[in-house]
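# Structural features, examined
The lines below spell out each chain.
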Amino acid sequence: MTMKSATRPRDVVLVVDDSPEALSFLTDALEEAGVTVLVALDGRKALALLEQVTPDVILMDAIMPGLDGFETCRQLKRSSQVAHVPVIFMTGLTETEHILKGFAAGGVDYVTKPIVAETLIARMYAHLANARVAQSTRAALDVTGRTLLAANHKGEVLWCTPQTTRMLESAFGADTGNGVSLPEEARRWLAERQVGGPSGRGSGSGSGRKADSVVIATGTDGRILRLSPVGQTGPDEILLQLVEENGAGDDALLKDKLSLTAREAEVLMWIANGKPNRDIAEILGLSPRTVDKHLEQIYSKLGVENRAAAAALAVRTLNGR
């Protein structure tokens, strides 16, 4: 008995170009490669179309009348719905400044005109594969309750997990996503970290900082949104965790929900924020050996075997408050 393999959905590509000849050429080449093609004759029509459908890849003409490709790309990258979609610029401009302008606008690659269809399709599939891996990773992080985002030292959001996007949009409005700047307090905090300035460790609550973290929003019900660093993932990409806290603080919540001592709850809180034992010892004024002993008690009380499992349980507890 034979089994038929499931038919893989066709990839959808949006081509944005003001030239009917270029659109005709690209449509024929892409459809021959088994791709579904959508077209837009200018940037504004492309943005309107993207409100209705999310393609897998966007091929963007750089120079168009009205809203050019660079500005169109910047605007679509601000939308959480399509920010993850790779944009490949098509341009006859080969000067370095124009190439850099395309990357700065949010493009992942560029091809020069006249277009060689085989080269374009090969690059398109390479970026499509990378984008799908990245999107799957962020979705997996979202499922496990990890509210993560990446930003550069200027405080511009590079990417968010879906749950983080929802939290930011709830706090700051719907226009939150890639390319949008974090609040001023967060931008100052990131700039300080970049130059090795004050980290805020041990600062009072009046500054909005708490042990190398920063408050970016405070609700009328006393809940706050706090950013904490997780690590450096690129030359100018800082991975951050966004946590919603109530007035009692994360450590108090973990203590009550998980039946821990006050010190165990503090240790677990910093584990959930990605801190190594050495940093936790420094923050809490303990020896690394004492931190290890608290960890043993935490694992026993929570019924987990390792640090990662304890951190995951703490994150779920904090996010489900």
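Look above for the structure.
Described in the following lines is the structure provided in the data block. As the structure is a prediction and not an experimental result, all values here were calculated from the model.

Turning next to the pattern of salt bridges. Overall, the coordinates contain nine salt bridges when judged by the stated rule. Between Asp-42 and Lys-45 there is a salt bridge whose closest N-O contact spans 3.7 Å. Residue class for Asp-42 comes out partly exposed when judged on its relative accessible area of 22%. Since its relative accessible area comes to 48%, Lys-45 is described here as partly exposed.

Another aspect to go through is the packing of aromatic side chains. In this structure the tally under the stated criterion is two aromatic pairs. Summarising the aromatic geometry, the rings of Phe-70 and Phe-89 are spaced 5.3 Å apart at their centres and angled 40° between planes, so their arrangement reads as tilted. Of this pair, Phe-70 sits in helix α3 (residues 69–76) while Phe-89 sits in strand β4 (residues 87–91), and the two are 19 residues apart along the sequence. On the accessibility criterion, Phe-70 (3% relative accessible area) is buried. A relative accessible area of 2% means that Phe-89 is categorised as buried. Measuring from ring centre to ring centre gives 6.3 Å for Phe-103 and Tyr-110, while their planes differ by 80°; the resulting arrangement is edge-to-face.

The biggest cluster of nonpolar side chains holds 27 residues, and the ones touching the most others in it are Leu-254, Val-267, Leu-268, Ile-280, Leu-295 and Leu-302. If you tally residues by element for this core, the top one is helix α9 (residues 262–272), at seven residues. The residues touching Ile-280, leaving out its near neighbours within four places in the chain, are Val-267, Trp-270, Ile-271, Lys-275, Val-291 and Arg-307. Of all hydrophobic cores here, the second largest spans 19 residues; its members include Leu-14, Leu-50, Leu-76 and Val-87.

Here Ser-24 shows up in helix α1 (residues 20–32). For the pair Ser-24 and Val-39, spaced 15 residues apart in the sequence, the C-alpha separation amounts to 9.8 Å.

Our next topic: the side chain of Thr-164. Of note, Thr-164 is situated in helix α6 (residues 162–172). Overall, Thr-164 belongs to the buried group, its relative accessible area being 0%.

Here we take up the packing of helix α11 (residues 288–302) against helix α12 (residues 307–319). The interhelical angle for the contact between α11 and α12, taken along N-to-C directions, is 65°, at an axis separation of 10 Å. Between α11 and α12 the crossing geometry is left-handed. Contacts from Leu-295, Tyr-299 and Leu-302 in α11 reach Arg-307, Ala-310 and Leu-313 in α12. Partitioned by chemical class, the residues of the contact of α11 with α12 number five nonpolar, no polar and one charged.

About the criteria used
- Residues numbered from 1 in each chain as written.
- Predicted model: local features only at pLDDT ≥ 70, side-chain atom pairs only at ≥ 80, totals over all residues.
- Heavy atoms only, no water.
- Salt bridge = Lys/Arg side-chain N within 4 Å of Asp/Glu carboxyl O.
- Buried < 20%, exposed > 50% of the residue type's maximum accessible area, 1.4 Å probe, protein only.
- Phe/Tyr/Trp six-rings, centres within 6.5 Å; stacked < 30°, edge-to-face > 60°.
- Helix = DSSP H or I, 4+ residues; strand = E, 2+ residues; numbered from the N terminus.
- Core = buried A, V, L, I, M, F, W, Y, C linked by side-chain atoms within 4.5 Å.
- Contact = heavy atoms within 4.5 Å.
- Axes fitted to C-alpha atoms, helices over the stretch in contact; angles between N-to-C directions.
- Left-handed = near helix turned anticlockwise from the far one by under 90°.
- Nonpolar A, V, L, I, M, F, W, Y, C, P; charged D, E, K, R; others polar.

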